[in-house]
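Now for the letters of each chain:
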Amino acid sequence: VGPQLLQVGPYEELLNVSTKWVLEKDSYLRLVDKQTGQERIVTGPTVVVPDYTETAPDGKQKAVYIDTLTAVKLENRTTGQQRLHE
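What counts, and at which threshold
- Along each chain, residues carry numbers from 1 onward, in the same order as the chain's sequence is written.
- It should be noted that, the model being predicted, local features are given only for residues of pLDDT at least 70 and side-chain atom pairs only at 80 or more, the latter also being counted only at that level, while totals for whole chains, interfaces and linings use all residues.
- The basis for every side-chain value is the complete set of non-hydrogen atoms in the structure, without hydrogens or water.
- Strands here are runs of E lasting at least two residues and helices are runs of H or I lasting at least four, both read from the DSSP assignment and numbered beginning at the N terminus.
- Put simply, the radius of gyration uses C-alpha atoms, and a globule should come to 2.2 Å times the residue count raised to 0.38.
- The classification of residues rests on relative accessible area computed with a 1.4 Å probe and restricted to protein chains. Under 20% of the type maximum is buried, over 50% is exposed, and intermediate values are partly exposed.
- When checking whether two residues touch, look at their non-hydrogen atoms; a contact exists if any pair is within 4.5 Å.
- Accessible surface area values rest on a Shrake-Rupley calculation with a 1.4 Å probe, where residue burial reflects the displayed protein chains alone.
- Lining residues are those with an atom within 4 Å of a point, where the points come from a 1 Å grid over the protein atoms alone and group into cavities, where a 1.4 Å probe fits but cannot get out, or pockets, open sets with protein on both sides within 12 Å along at least five of seven lines.
- Grid points are joined across faces, edges and corners, and a volume is the space filled by probe spheres set on the points.
- Ten residues, namely Ala, Val, Leu, Ile, Met, Phe, Trp, Tyr, Cys and Pro, are considered nonpolar, four, namely Asp, Glu, Lys and Arg, are considered charged, and the remaining ones, Gly among them, are considered polar.
- Contacts described as polar in this section are N or O atom pairs within 3.5 Å, which, within protein, must combine one atom able to donate a hydrogen with one able to accept it, while residues neighboring in sequence count only if both atoms come from side chains.

Caption draft 1: Inspection of the overall build of the protein at higher detail. Within the protein one finds 0 helices and 8 strands. The order of α-helices and β-strands along the protein, N terminus first, is β-β-β-β-β-β-β-β. Against the compact-globule benchmark of 12 Å for 86 residues, the protein has a radius of gyration of 18 Å, which places it well outside the compact range. On the principal axes, the C-alpha backbone points of the protein span a range of 60 × 30 × 15 Å. Counting only residues that meet the buried cut, the protein has 17% of its 86 residues in that class. By sequence separation, contacts in the protein at least 24 residues apart represent 43% of the contacts at least 6 residues apart. Carbon and sulfur atoms form 51% of the exposed surface of the protein, whose accessible area is close to 7,600 Å².

What follows is the structure, given as structure tokens:
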């Protein structure tokens, strides 16, 4: 609970220190694997600890609320196809 001090033992090696992301209900995180380029989206509410090869280039993002007066235009980055979500 809270920050803690970690002491590495004589036969241990510290390989990585990662950031823990706390996502609320209306937030998401886009993670990109530095080795493969594969992307994954994690939606809240949850706590995320990325793998050592993953980065979050945009950081934590807020979701867009859609109601009767709001629409969202989406683009698939793989195909370039666009669609309107109402």
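Caption draft 2: Examining the layout of surface pockets more closely. Taken as a whole, the largest pocket encloses approximately 580 Å³ of empty space. Around the largest pocket, the lining comprises 17 residues; the ones closest to its centre are Y28, I41, L74, E75 and R77. Looking at the lining of the largest pocket, the elements with two or more residues in it are strand 2 (27-33), strand 3 (39-43), strand 7 (72-75) and strand 8 (82-85). Considered class by class, the residues forming the lining of the largest pocket number 7 nonpolar, 4 polar and 6 charged.

Caption draft 3: Layout of the side chain of T53. Counting through the fold element by element, T53 comes out in the loop between strand 4 (46-48) and strand 5 (54-55). At a separation of 3.2 Å, a polar atom in the side chain of T53 contacts the side chain of D33. In this structure T53 touches V32, D33, K34 and Q35, once residues within four positions along its chain are discounted.

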